[in-house]
Amino acid sequence: MNQEQSNKPFSIPKHLLEDAWKEVKENRGSAGIDTVSIKDYGQSLGGNLYKLWNRMCSGSYFPQPVKLVEIPKKSGGKRPLGIPTVEDRIAQSAAVLFLTERLDKEFHQDSYAYRPGRNAHEALSTARQRCWRYDWVLDMDISKFFDTIDHALLMRAVKLHVSERWILLYIERWLKVPYQKVDGERIERTMGVPQGSVIGPVLANLFMHYVFDKWMRSNYPLIPFERYADDTICHCRTKEEAEKMKDIIMNRLLECGLKLNEDKTRIVYCKDSNRSENHEIVSFDFLGYTFRPRKAKNSKTGIVFTSFLPGMSQKSKNHIHDTIRSWQLVRKKDLIEVDTQMEASVRGWVNYYGKFCQSVMKSTLQALNHAIVRWAVRKYKRFKGSFKRGWQWLIRHAYPVDSGHRNLTLSGLSTLTGHRNAATCQAAKLLGICGSV
């Protein structure tokens, strides 16, 4: 420890804040209530990080109120999102970097959210396999999970793994910091963790580890589950077992200050060709996918049968359609105006929803093909309002005859958009991956 830090109550490595800054910069995000952007903060980075480090080491660091914004939910309504200032995100990232390795090794193998090396596709793949082995699923929905986490219980869990006083002090401050609306009104907080904060996901995961994961492992080790934050499903052998577990888990959550949403919590029968029971609910949504009976074909025998499989959910489809409409492509003079935004969105959709039942995802992205054809018919006089010619144009450029691949070449899009500089035509990549005409 250097002389400068020896006079301070807390010892925090400077490199921790430097690494935290890199994380915040990479994740981007908007400014908090102080209106200081990431770019603004980085202009005097050395001095800003030193001041933050100095205050955190001395205990004089106090987070600013969290800017409260509301974002639309796919299921309707709005979700409150808290946006801390850039500086507060750096401080929280430093704590997360410090905690992640220590906490991650304690977590359950079927906890998939906010963990290095784990992702939603793993949870979906595991759920798919278990739906083939277990006939019934308990699909649970916790009401307002992030907003109702009990601070006292959460801090008890934190203290089981953390003895560093600076982390304990600042977590308590981050938990209690108020929301601030756009009009300046402040909302005091006595429970919950802000959605949108850096530290929130880690704390929420730790809370559910003790409320649910560890409790299930100790008391019901034969009931497998997949949990992604508060999105959780349990696999049961019989309907009676699922009904019993619903009541047991509901009481457990109540003991810990959480409430199961009974209207959205359902018992689902994983119906397929080998299961003949009758049950009114044979589908459930999990992580943007709908699990339900779907036609499948044995690759070796060619026999068609019914399997219980995941595919893009209707809510996800609606979200994609709404996003495509919001681009208003038909009004654009050139696709280059929106190519970067389009490419990022479509690549994200393809990478996520193309994992299972690609045909469902491709049929949904056909809406983008329609929008592009409408744009072309309106832009090029030679089509004279002919959508047939517009589709032929899209097919010709999305599926070059001589390439043998379903990719739109950069030179092809340069020609059709009127731009000869192919290097700037990023939309070419996008048309290639959504070309399912």
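Residues numbered from 1 in each chain as written. Predicted model: local features only at pLDDT ≥ 70, side-chain atom pairs only at ≥ 80, totals over all residues. Heavy atoms only, no water.

1. Here we look at the sheet that holds strand 10 (residues 289–297)
Stated formally: Strands are labelled as partners when DSSP assigns at least two bridges between them. Where helices and strands are cited, they refer to DSSP runs of H or I of at least four residues and of E of at least two residues respectively, numbered from the N terminus. Angles run from 0 to 180 degrees between N-to-C directions of axes, and those axes are lines fitted to C-alpha atoms, restricted for helices to the stretch in contact. Here, two residues are considered to be in contact whenever any of their heavy atoms come within 4.5 Å of each other.
Spatially, the three strands line up as an open sheet ordered 9-10-11, and their pairing is antiparallel. Single-partner strands in this sheet number two, and they are strand 9 (284–286) and strand 11 (304–312). Strand-to-strand, the axes of this sheet are offset by a mean angle of 50 degrees, without reference to chain direction. Sheet topology places strand 10 next to strand 11; nine bridges connect them, and they run antiparallel. Looking at the pairing, Tyr289 lines up with Met312 of strand 11. Helix-sheet contacts for helix 11 (residues 314–327) involve strand 9, strand 10 and strand 11, and the interaxial angle to strand 11 is about 50 degrees.

2. Some details on the state of the cysteines
The test is simple: Count a disulfide wherever a pair of cysteine sulfur atoms falls within 2.5 Å. Whether a residue is buried, partly exposed or exposed follows from its accessible area with a 1.4 Å probe, protein chains only, as a fraction of its type maximum: under 20%, in between, or over 50%, in that order.
By the definition in use, this model includes zero disulfides. Looking at the unpaired Cys270, the closest cysteine sulfur is the one in Cys131, lying at 4.0 Å. The class of Cys270 is buried, set by a relative accessible area of 0%.

3. Remarks on the pattern of salt bridges
Convention followed: Salt bridges are counted wherever a side-chain nitrogen of Lys or Arg sits within 4 Å of a carboxyl oxygen of Asp or Glu.
In the structure shown here, the tally under the stated rule is 12 salt bridges. In this structure, Glu122 and Arg118 form a salt bridge, with 3.2 Å as the shortest nitrogen-oxygen distance. Given a relative accessible area of 31%, Glu122 falls into the partly exposed group. In this structure, Asp272 and Arg275 form a salt bridge, with 3.7 Å as the shortest nitrogen-oxygen distance. Summarising the burial analysis for this pair, Asp272 and Arg275 share the class buried.

4. Some thoughts on the packing of helix 7 (residues 151–159) against helix 8 (residues 165–176)
To be explicit about the condition: Roughly parallel covers angles under 35 degrees, roughly antiparallel covers those over 145, roughly perpendicular covers 65 to 115, and oblique covers all other angles. Take the far helix as your reference; a near helix turned counterclockwise from it by less than a right angle gives a left-handed crossing, and one turned clockwise gives a right-handed crossing.
Two elements in contact, helix 7 and helix 8, have axes separated by 11 Å at closest approach and are oriented at 160 degrees. With respect to each other, helix 7 and helix 8 are oriented roughly antiparallel. Where helix 7 crosses over helix 8, the two elements pack in a sense that is right-handed. From helix 7, His151, Leu154, Met155, Val158 and Lys159 reach across to helix 8, where they touch Leu168, Ile171, Glu172 and Leu175.

5. Description of the environment of Cys57
Inspection of the secondary structure puts Cys57 in helix 4 (residues 45–58). What makes Cys57 buried here is its relative accessible area of 0%. Sequence separation between Cys57 and Asn7 is 50 residues, and the spatial gap between their C-alpha atoms is 9.4 Å.

6. Thoughts on the packing of aromatic side chains
Short version of the rule: Here a pair means two rings of Phe, Tyr or Trp (six-membered ring of Trp) with centres within 6.5 Å. Their orientation is stacked below 30 degrees between planes, edge-to-face above 60, and tilted elsewhere. Placement of a charge over a ring requires the Lys NZ or Arg CZ to be within 6 Å of the ring centre, with the centre-to-atom vector within 35 degrees of the ring normal.
One pass over the full model with this rule turns up 19 aromatic pairs. Here the aromatic rings of Tyr61 and Tyr170 are separated by 5.2 Å at their centres, their planes lie at 75 degrees, and the arrangement is edge-to-face. Here the residue Tyr61 occupies a position in the loop between helix 4 and strand 1 (66–72), and Tyr170 occupies one in helix 8, the gap between them amounting to 109 residues. Comparing Tyr61 with Tyr170 shows no difference in burial state: the two are buried. Here the aromatic residues Phe10, Tyr61, Tyr170 and Trp174 are joined through ring pairs into a cluster of three or more. The positively charged end of Lys14 is found above the aromatic ring belonging to Trp53, 4.6 Å away from the centroid. Seen from the ring of Phe62, Arg173 lies directly overhead, with NZ or CZ sitting 3.7 Å from the centre.

7. What to know about the side chain of Thr85
Defined as follows: Each polar contact in these results corresponds to two N or O atoms within 3.5 Å; when the atoms are within protein, one needs to be able to donate a hydrogen and the other to accept it, and residues that are neighboring in sequence are counted only if both atoms are side-chain atoms.
On the secondary structure map, Thr85 appears in the loop between strand 2 (78–83) and helix 5 (86–104). Reaching out from Thr85, the side chain makes a polar contact with the side chain of Asp88 at a distance of 3.0 Å. When neighbours within four sequence positions are excluded, Thr85 is seen to be in contact with Gly32, Ile33, Asp34 and Gln64.

8. Overview of a negative patch on the surface
Here is the rule: Grouping into patches uses exposed residues only, defined as over 30% relative accessible area, and leaves out salt-bridged ones; the cut-off is 9 Å for like charges and 5 Å for nonpolar side chains (Val, Leu, Ile, Met, Phe, Trp, Tyr). To be clear on the numbers: accessible area is Shrake-Rupley with a 1.4 Å probe, and residue cover counts the displayed protein chains and nothing else. Charged residues are defined narrowly, with Lys and Arg counted positive, Asp and Glu counted negative, and His plus the chain ends left uncounted. For charged residues, the charge sits on one atom: NZ in Lys, CZ in Arg, CG in Asp, CD in Glu.
Residues Glu240, Glu243, Asp247, Glu262, Asp263 and Glu277 make up a contiguous surface patch of negative charge. Positionally, Asp263 belongs in the loop between helix 10 (239–255) and strand 8 (266–269).

9. A closer look at the sheet that holds strand 7 (residues 231–236)
The four strands lie next to each other as 6-7-3-8, forming an open sheet whose pairing is antiparallel. Both edges of this open sheet fall to strand 6 (225–228) and strand 8, since each of them pairs with a single strand only. Between one strand axis and the next, the sheet turns by 15 degrees as a mean value, whatever way the strands run. In this sheet, strand 8 lies alongside strand 3 (residues 136–140) in antiparallel orientation, the contact comprising four bridges. Counterpart to Leu138 in the pairing with strand 8 is Ile267.

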